[in-house]
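Here are the chains, one letter per residue:
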Amino acid sequence: MADPRTHRLRLWSSALVVGVVLLAVLVVPPLVQLDEQAVDLSRKLLPPSWEHPFGTDDLGRDLLLRCVYGLRISLLVGLVAALVATVVGTAVGAAAGALGGWTDRTLMRLVDTFSSVPHLLLGIFVVALFRPGVWPVIASVAVTHWLSTARIVRSEVLSLRTRPFVEAAISGGATRWRVAVRHLLPAVLPQAGLAAVLMVPHAMWHESALSFLGLGLPSHQASLGNLVQNARSSLLAGYGWPTLFPGLLLIVPTLAIAGLAGVWRDRLNPRRRSELML
Amino acid sequence: MLELDTVTAGYDRRTPVFRGASLTVAPGESVGLLGPSGCGKSTLARVAALLHRPDAGRLVLDGTEVTAWRHRAPRELRTAVGVVFQQPRTAADPRLTLADLLVEPLRATGRRAEAAARLAELAPAVGLTPDLLGRRPHEVSDGQLQRACLGRALALRPRWLVCDEMTAMLDASTTAALVAAVETYREETGASLLAVGHDRLLLRRWCDRTVEWQDCLPAEERP
């Protein structure tokens, strides 16, 4: 168990990385009026330098600028998909666990049906229904990722609803709705919230995978997946940086977001909150 | 009158915890239900508290039969029975402060406006000092938490009180304080009590009569 100093270090280092990333994706594009798609073949595959800190790609485009734009798209996909998947998963899981009976059976068979299809395949099916763009990718990730949250929330609710404090609430006149909102949901929020935060980087990886397969965003649009996909031929030709920097931008924010998720979990747990004197 | 008439209950219909149990608690009466661990006392207490639907038999509360409900017993009957469970740690929502815990039934039944006044009555009645009211369950002792759980059970001024091994986790002085708080409440309101436990000495001193659990059923009655 982490002591308060380790806890604070984890919080601040993760918050710093996430803060820098958010600042970069929110502030840089409007401030720097540069076209991330501007091709300059005279500057192709330049190594990192002061002028181009991340180097340039095989069409002479500045990789730092493309990485910032790519990260913006990937974060948008990650955040929105995780939010949608968590809200849907929590609602389905809580309804199944709290209501039980045929509602539970029907909803969980629905979850089983979705789970029986490999989720990359299901994701590809969803994006194939629409024209390439950000929203089909978000829909694809959300459709394939609410299942685990629904299962986590349902099992939590099932274990909670027979606890004496829930029975005491029922005895005290609480309606089903009040039991769910006042006692069950606050108790499952740490798990649901944690699942949501951890899903953000996972969704970013999915966007990258779909884009890498050529099924995500249009190939000219900067996203971390597209950047890695476009850099494949350069990597084979011996130029590492066009793959390295988008790859690092996928890994480092992932770890920082997971770090923040851990901190959040501790804060939502009253016992841990007291131990850490937060 | 709280009447259990040949009640069968359990968690699996094929193997009920007990069959054909009968027990009557008259208005204003206190009944102690004695028996060894695992005999079904707590299940009977849950049936009496309208938290567990019996598989067979009749449960009558003040002349109203409340045996057949679908998801849970009607609210006005549930709130007529206050329940105190054995383990305060699991019976208290860990996210609520003791003050919230005490008045939660008032908020749940739409009587939010009365909450502050009732809290001011309840806290001293169960022996909770003001400094404890802002604390959460993990910040207080078992005894203090059980006092809050008793306060919650009394919040809606129930006509019936079911105490399922309320003092099993507590020391002698806290036990005495809780029993005194229950008795004071009963003197003020004329409420009935069903106290379940295996502390023979305590229940015989506390209750008007005790019922011994024998051969899988509450049987022998002692004045």
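As a reminder, the structure under discussion sits directly above these lines.
Residues numbered from 1 in each chain as written. Chains lettered and ligands numbered in written order. Predicted model: local features only at pLDDT ≥ 70, side-chain atom pairs only at ≥ 80, totals over all residues. Heavy atoms only, no water.

1. With respect to the side chain of A:Arg178
Checked against the element boundaries, A:Arg178 lands in helix 7 (residues 176–212). Given the relative accessible area of 17%, A:Arg178 is considered buried. Within the structure, A:Arg178 has its side chain in polar contact with the side chain of B:Glu104 (distance 3.0 Å). What A:Arg178 contacts, discounting residues up to four positions off in sequence, is A:His183, B:Glu104, B:Arg107, B:Ala108 and B:Arg112. (Helix = DSSP H or I, 4+ residues; strand = E, 2+ residues; numbered from the N terminus. Buried < 20%, exposed > 50% of the residue type's maximum accessible area, 1.4 Å probe, protein only. Polar contact = N/O pair within 3.5 Å; in protein donor to acceptor, adjacent residues only side chain to side chain. Contact = heavy atoms within 4.5 Å.)

2. Quick word on the packing of aromatic side chains
Using the criterion set out here, one finds two aromatic pairs over all chains in the structure. On the numbers, 5.6 Å between centres and 70° between planes, the contact of A:Phe114 with A:Trp146 is edge-to-face. With a gap of 32 residues between them, A:Phe114 in helix 3 (residues 101–115) and A:Trp146 in helix 5 (residues 134–160) connect regions that are remote in the sequence. For the ring pair B:Phe18 and B:Trp213, a centre distance of 5.6 Å and an interplane angle of 75° mean the geometry is edge-to-face. Highlighted residues: B:Phe18 in strand 2 (residues 18–25) and B:Trp213 in strand 9 (residues 209–214), separated in sequence by 195 residues. (Phe/Tyr/Trp six-rings, centres within 6.5 Å; stacked < 30°, edge-to-face > 60°.)

3. Considering the sheet that holds strand 5 (residues 64–65) of chain B
All names here are of chain B. Strand order in the open sheet formed by four strands is 2-1-4-5, with antiparallel pairing between adjacent strands. Where the open sheet ends on each side, the last strands, each with one partner, are strand 2 and strand 5. Note: strand 1 (residues 2–9) against strand 2, five bridges, orientation antiparallel. By the bridge assignment, Ala 9 is partnered in strand 2 with Phe 18. Where helix 1 (residues 41–48) meets the sheet, it contacts strand 1, strand 2 and strand 4 (56–61), and its direction lies at approximately 125° from that of strand 1. (Pairing = 2+ DSSP bridges. Axes fitted to C-alpha atoms, helices over the stretch in contact; angles between N-to-C directions.)

4. Structural notes on the interface of chain B and chain A
On the chain A side, the residues contacting the 29 residues of chain B number 21 residues. Together, the buried faces of chain B and chain A total about 2200 Å²; carbon and sulfur atoms form 50% of this surface. Ranking the residues of chain B by area buried against chain A places B:Arg72, B:Arg95 and B:His138 at the top, with a combined share of 26%. Our count for the chain B to chain A interface comes out at three salt bridges. For A:Arg178, the salt bridge identified is with B:Glu104, shortest N-O distance 3.0 Å. At the boundary of chain B and chain A, one finds ten residue pairs in polar contact (both at pLDDT 80 or more). At the level of secondary structure, the elements contributing two or more residues to the side of chain B that touches chain A comprise helix 2 (75–78), strand 6 (81–84), helix 3 (88–91) and helix 4 (98–108) of chain B. (Buried area = accessible area lost by both parts, 1.4 Å probe. Salt bridge = Lys/Arg side-chain N within 4 Å of Asp/Glu carboxyl O.)

5. A short note on helix 7 of chain A
Residues and elements named next belong to chain A. Along its 37 residues, helix 7 runs just 46 Å from first to last C-alpha, ending more than 12% under the 54 Å computed at 1.5 Å per residue. A bend of about 45° at Leu 185 is the largest found in helix 7, and the proline Pro 186 appears one to four places after it. Positioned one or two residues after helix 7, Gly 214 has a phi angle of 80°, which is positive. (Expected span 1.5 Å × (residues − 1). Bend = angle between axes of the 7 residues up to and from the residue.)

6. A short note on the environment of B:Thr129
All names here are of chain B. Its location among the elements puts Thr 129 in the loop between helix 5 (115–125) and helix 6 (130–133). Counting along the chain gives 15 residues from Thr 129 to Gln 144, while the straight-line C-alpha distance between them is 9.6 Å. Reaching out from Thr 129, the side chain makes a polar contact with the side chain of Asp 131 at a distance of 2.6 Å.

7. Focus: the nonpolar core
If you look at the biggest cluster of nonpolar residues, it comprises 93 residues, and the most contacted ones within it are B:Leu4, B:Leu44, B:Leu128, B:Leu150, B:Leu194 and B:Trp206. In terms of residue count, the dominant contributor to this core is helix 4 of chain B (seven residues). Among all residues touching B:Leu4, those that are not within four sequence positions of it are B:Ala21, B:Ser22, B:Leu23, B:Leu44, B:Val47, B:Ala48, B:Arg58 and B:Leu59. One finds A:Val18, A:Val21, A:Phe54 and A:Ala85 within the second-largest nonpolar core, a separate group that totals 32 residues. (Core = buried A, V, L, I, M, F, W, Y, C linked by side-chain atoms within 4.5 Å.)

8. So, a nonpolar patch on the surface
All names here are of chain A. Together, Trp 205, Leu 244, Leu 248, Ile 251, Val 252 and Leu 255 give the surface a local cluster of nonpolar side chains, amounting to about 550 Å² of exposed area. With five residues, helix 10 (residues 241–268) is the largest single contributor of residues to the nonpolar patch. Classification of Leu 255 by relative accessible area gives exposed; the value is 59%. (Patch = residues over 30% accessible without salt bridge, like charges linked within 9 Å, V, L, I, M, F, W, Y side chains within 5 Å. Areas by Shrake-Rupley, 256 points an atom, 1.4 Å probe, with all protein chains shown as cover.)

9. Brief notes about the packing of helix 3 of chain A against helix 5 of chain A
Residue and element names in this part refer to chain A. Their axes nearest at 10 Å, the elements helix 3 and helix 5 cross at an angle of 140°. Here helix 5 runs oblique to helix 3, going by the angle between their axes. The chirality of how helix 3 crosses helix 5 is left-handed. Packed against helix 3, whose contacting residues are Asp 104, Met 108, Leu 110, Val 111, Asp 112, Phe 114 and Ser 115, the element helix 5 presents Val 143, Trp 146, Leu 147, Ala 150, Arg 151 and Arg 154 at the interface. Residues that form the contact of helix 3 with helix 5 fall into these classes: eight nonpolar, one polar and four charged. (Parallel < 35°, antiparallel > 145°, perpendicular 65-115°, else oblique. Left-handed = near helix turned anticlockwise from the far one by under 90°. Nonpolar A, V, L, I, M, F, W, Y, C, P; charged D, E, K, R; others polar.)

10. Some remarks on the environment of B:Leu44
Residue and element names in this part refer to chain B. By the secondary structure assignment, Leu 44 is in helix 1. Owing to a relative accessible area of 0%, Leu 44 belongs among the buried residues under this scheme. A sequence separation of 131 residues divides Leu 44 from Thr 175, and the C-alpha atoms of the two residues are 22 Å apart. Discounting residues that sit within four places of it in the chain, Leu 44 has contacts with Leu 4, Phe 18, Ala 21, Leu 23, Leu 33, Leu 194, Trp 213 and Pro 218.

11. Some details on the state of the cysteines
Throughout this description, disulfide means a covalent bond between two cysteine sulfur atoms. Under the defined criterion, the tally for this structure stands at zero disulfides over all chains. Free of any disulfide, B:Cys163 has its nearest cysteine sulfur in B:Cys207, 8.8 Å distant. (Disulfide = S-S within 2.5 Å.)

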